[in-house]
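A closer look at the structure
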Amino acid sequence: MTPHSIDGLTLLRPGTAAYDEARQVWNAMIDRRPRLVVRCTSPGDVAAGIALARSEGLEVGVRCGGHSIVGHAVPDQGLMLDLTPMAAVRVDPVRRRAWIQGGALLGALDVATQEHGLATTAGNVSHTGVGGLALGGGMGWLARQHGLTCDNVESFELVTAAGEVVRASATENPELYWGLRGGGGNFGVVSEFELRLHETGTQALTVELDFPVAVAAEPMRRWRDLSAAAPRPATYAASVFGGIATLGFVWVGDPEVGRAHARVLGSLGEPVARRVVELSYVDLQRREDTLEGHAQRRYWKGHYLRELPDEAIAALLEHDPAMGASLQAYGGAIAEVPPDATAFSHRDTAFEYVGAARWTDPAEDDDRIATARACAARLAPFSSGTYVNTLGDDGNDGVRLAYPPATLARLTALKDRYDPANVFHLNQNIPPSAPPAG
Ligand code: FAD
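From a predicted model like this one, the values you see are computed outputs, not experimental measurements.

Rules behind the numbers
Residues numbered from 1 in each chain as written. Predicted model: local features only at pLDDT ≥ 70, side-chain atom pairs only at ≥ 80, totals over all residues. Heavy atoms only, no water. Near = heavy atom within 4 Å. Polar contact = N/O pair within 3.5 Å; in protein donor to acceptor, adjacent residues only side chain to side chain. Helix = DSSP H or I, 4+ residues; strand = E, 2+ residues; numbered from the N terminus. Nonpolar A, V, L, I, M, F, W, Y, C, P; charged D, E, K, R; others polar. Buried < 20%, exposed > 50% of the residue type's maximum accessible area, 1.4 Å probe, protein only. Salt bridge = Lys/Arg side-chain N within 4 Å of Asp/Glu carboxyl O. Domains from an automatic or database assignment. Contact = heavy atoms within 4.5 Å. Buried area = accessible area lost by both parts, 1.4 Å probe. Pairing = 2+ DSSP bridges. Axes fitted to C-alpha atoms, helices over the stretch in contact; angles between N-to-C directions. Core = buried A, V, L, I, M, F, W, Y, C linked by side-chain atoms within 4.5 Å. Phe/Tyr/Trp six-rings, centres within 6.5 Å; stacked < 30°, edge-to-face > 60°. Lys NZ or Arg CZ within 6 Å of the ring centre and 35° of its normal.

**A few points about the site of the ligand**
Of all residues adjacent to the ligand, which total 33 residues, the nearest are Cys 64, Gly 66, Asn 124, Met 139 and Tyr 387. A distance of 2.8 Å is found between an oxygen atom of the ligand and a backbone nitrogen or oxygen belonging to Gly 129. Measuring from an oxygen atom of the ligand, one finds a side-chain N or O atom of Tyr 387 at 2.6 Å. Only β3 (60-63), α4 (130-136) and β10 (189-196) provide two or more residues apiece to the shell around the ligand. Considering every element that reaches the shell around the ligand, the biggest residue donor is α4, with four residues. Along the lines of polarity and charge, the residues of the shell around the ligand split into 14 nonpolar, 17 polar and two charged.

Encoded structure:
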């Protein structure tokens, strides 16, 4: 290998602290060693990194926030394109637009836009990457008001497997624009996202009522029914952990209106604890940062649910108390986008379920994973599919749960066009229709 011949590229190799930092990702179970890490600062670096990997026959991993549960960003003995130096966010408050480089984290987007009382949909943990989240869909507390993150992308700048820099928008390469909104990292490396912003103010409210799981079935059924009629600033959310079911909603907007809405939760019955917290939008977006922090071993499984029948509620409440289970409501603006308008297709989702385990001792790996799988399996009869960004080690079966057949066929055609050699296969992979030669 002759990496020094690549002018101006910053390369990290085994044996340095910077290399070890770059290969560490959110899930502590991932401990892989790329042969080379390319610290990318521009689309040109990305193109040079791809060319280097192809000439050396190295697998390519693309790293933004490093939150892929299966660590797709880190190729063992391959070449990691580390996008984290490309973390800048630029905001035009008049045009209500933000330009976010492909390695930025959600927190940077939220902070930069909130300076102007603006925001766009981002996920619930601020150390998640914009890259992976937006390319898979992007669910967050603003989605019922403004759609998923991908619904707010005005344009993409993308480096292809051939090293070309192309743009995708409603008018430029529209089929690629369709595929990048939900199709993940299959078609190239996004060096910049242009996002539409919304006037959201800076205030939020969370309302949480705790019920022991033994008596939580009826309150949860009522909570489900209220969710169906909830106003868009409210995203109903529930969790079950350690014998307690927490039911409530997150409100983005005027907290007084949110407090008034909270009165409907009186019909759930008498909780053992009730928390109503007013906070800034930026703090809301950081609320789970510590709980969902790095350096723990992680496993999860998820389902999309079009309905939440009583039987599904019963199955959820029977989860192993050491497992965390969560529900987050969809609907509103998410459901108004036609299912074939973007590669993200599950527009009729009522709730997303995620069953998640975290632990620190490697000796517990098998037990924890088996428990999480068993809990999720109980919800499987009610599943209408899966969010691609929640998929783990499910391979082609998982991809088929993320995309209906017609969407998958369209994505395959796009893959044939932009990445026929499947250079970008360390992802929830959409293989090209013909196996790559050699
Ligand atoms: P990475 O591991 O860096 O990237 C994952 C994959 O995305 C890469 O392998 C690559 O294929 C692709 N990719 C990343 N950046 C680029 C780019 N610039 N160009 C091309 N391809 C790229 N999802 C939600 O929708 N809403 C949430 O609220 C939410 N909360 C989460 C909280 C936590 C703690 C975690 C761990 C995940 C959460 N997710 C959420 C899921 C999240 O969307 C996925 O894990 C996503 O893959 C993370 O993206 P990343 O950039 O951090 O990950």
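There is more to say after this.
**Some thoughts on unusual backbone geometry**
Of note, the phi angle at Arg 96 is positive, near 55°, even though the residue is not glycine. Counting through the fold element by element, Arg 96 comes out in the loop between β5 (89-92) and β6 (97-101). Positive phi, close to 70°, is recorded for Ala 295, a residue that is not glycine. Tracing the sequence through the fold places Ala 295 in the loop between α9 (281-286) and β16 (297-305). You can call Ala 295 exposed: its relative accessible area is 62%.

**A word on the pattern of salt bridges**
Under the counting rule described, the total for this entry stands at 32 salt bridges. In this structure, Arg 23 and Asp 20 form a salt bridge, with 2.8 Å as the shortest nitrogen-oxygen distance. Remark: Asp 20 and Arg 23 occur in helix α1 (residues 17-23); sequence separation between them is three residues, near one turn of the helix. Given a relative accessible area of 9%, Arg 23 falls into the buried group.

**A word on the domain arrangement of the chain**
Assigned domains within the chain: domain 1 (4-82), domain 2 (89-199) and domain 3 (203-396). Between domain 1 and domain 3, the C-alpha centre-to-centre distance is 33 Å. On the side of domain 3, 15 residues touch domain 1, which itself brings eight residues to the contact. Carbon and sulfur atoms make up 68% of the area that domain 1 and domain 3 hide from each other, which totals about 940 Å². Taken as a group, Trp 26, Met 29 and Ile 69 account for 67% of the area that domain 1 buries against domain 3, more than any other trio of residues on that side. At the boundary of domain 1 with domain 3, the tally comes to zero salt bridges. Inspection of the domain 1/domain 3 interface yields four residue pairs in polar contact (both at pLDDT 80 or more). Tallied by class, the residues present in the side of domain 1 that touches domain 3 amount to six nonpolar, two polar and no charged.

**Some words on the sheet that holds strand β2 (residues 36-39)**
Strand order in the open sheet formed by four strands is β1-β2-β4-β3, with mixed pairing between adjacent strands. Edge strands, defined here as strands with exactly one partner in the open sheet, are β1 (10-12) and β3. Taken pair by pair, the neighbouring strands of this sheet meet at an average axis angle of 25°, ignoring direction.

**Points about the environment of Thr 206**
Looking at the element boundaries, Thr 206 is found in strand β12 (residues 203-212). C-alpha separation for the pair Thr 206 and Trp 251, spaced 45 residues apart in sequence, amounts to 6.1 Å. For Thr 206, the residues in contact, after removing those within four places along its chain, are Phe 249, Val 250, Arg 275, Val 276, Val 277, Leu 279, Leu 284 and Arg 287.

**Points about the pairing of β16**
In terms of burial, β16 is largely enclosed, as nine of its nine residues are buried. Going residue by residue along β16, you find Arg 297, Tyr 299, Lys 301, His 303 and Leu 305 tucked away on one face and Arg 298, Trp 300, Gly 302 and Tyr 304 tucked away on the opposite face as well. With nine bridges connecting them, β16 and strand β18 (residues 351-359) associate as antiparallel partners. For Lys 301, the partnering residue across the bridge sits in β18 and is Gly 355.

**Brief notes about the nonpolar core**
Formed by 47 residues in total, the largest nonpolar core has its most connected members in Leu 148, Phe 156, Leu 176, Leu 180, Phe 193, Tyr 330 and Tyr 403. Two domains each donate at least three residues to this core, and these are domain 2 (89-199) and domain 3 (203-396). Residues contacting Phe 156, with those up to four places away along its chain left out, are Leu 135, Val 166, Arg 167, Ala 168, Tyr 177, Leu 180, Arg 181, Val 190, Glu 192 and Phe 193. Core analysis: the second largest hydrophobic core is formed by 40 residues, Val 207, Trp 223, Leu 317 and Ala 372 among them.

**Focus on the packing of aromatic side chains**
Taken as a whole and judged by the stated rule, the model has eleven aromatic pairs. Ring geometry for Tyr 304 and Tyr 330: centres 5.2 Å apart, planes at 75°, overall edge-to-face. Taken together, the residues Tyr 304 in strand β16 and Tyr 330 in the loop between β17 (324-329) and α11 (333-336) connect sequence positions 26 residues apart. Under the relative-accessibility criterion, Tyr 304 is labelled buried at 0%. Given the relative accessible area of 2%, Tyr 330 is considered buried. The interplanar angle of 75° and the centroid separation of 6.2 Å between the aromatic rings of Phe 344 and Tyr 387 together place this pair among those described as edge-to-face. Of the two residues, Phe 344 is situated in the loop between α11 and β18 and Tyr 387 in the loop between α12 (365-379) and α13 (395-402); the sequence distance between them amounts to 43 residues. Given the relative accessible area of 4%, Phe 344 is considered buried. An aromatic cluster is defined as three or more aromatic residues linked by ring pairs; in this entry it consists of Trp 223, Tyr 236, Phe 249, Trp 251 and Phe 351. One cation-aromatic arrangement involves Arg 90 over Trp 99; the distance from NZ or CZ to the ring centre is 4.4 Å. Over the face of the ring belonging to Trp 178 we find Arg 410, whose NZ or CZ atom lies 3.8 Å from the ring centre.

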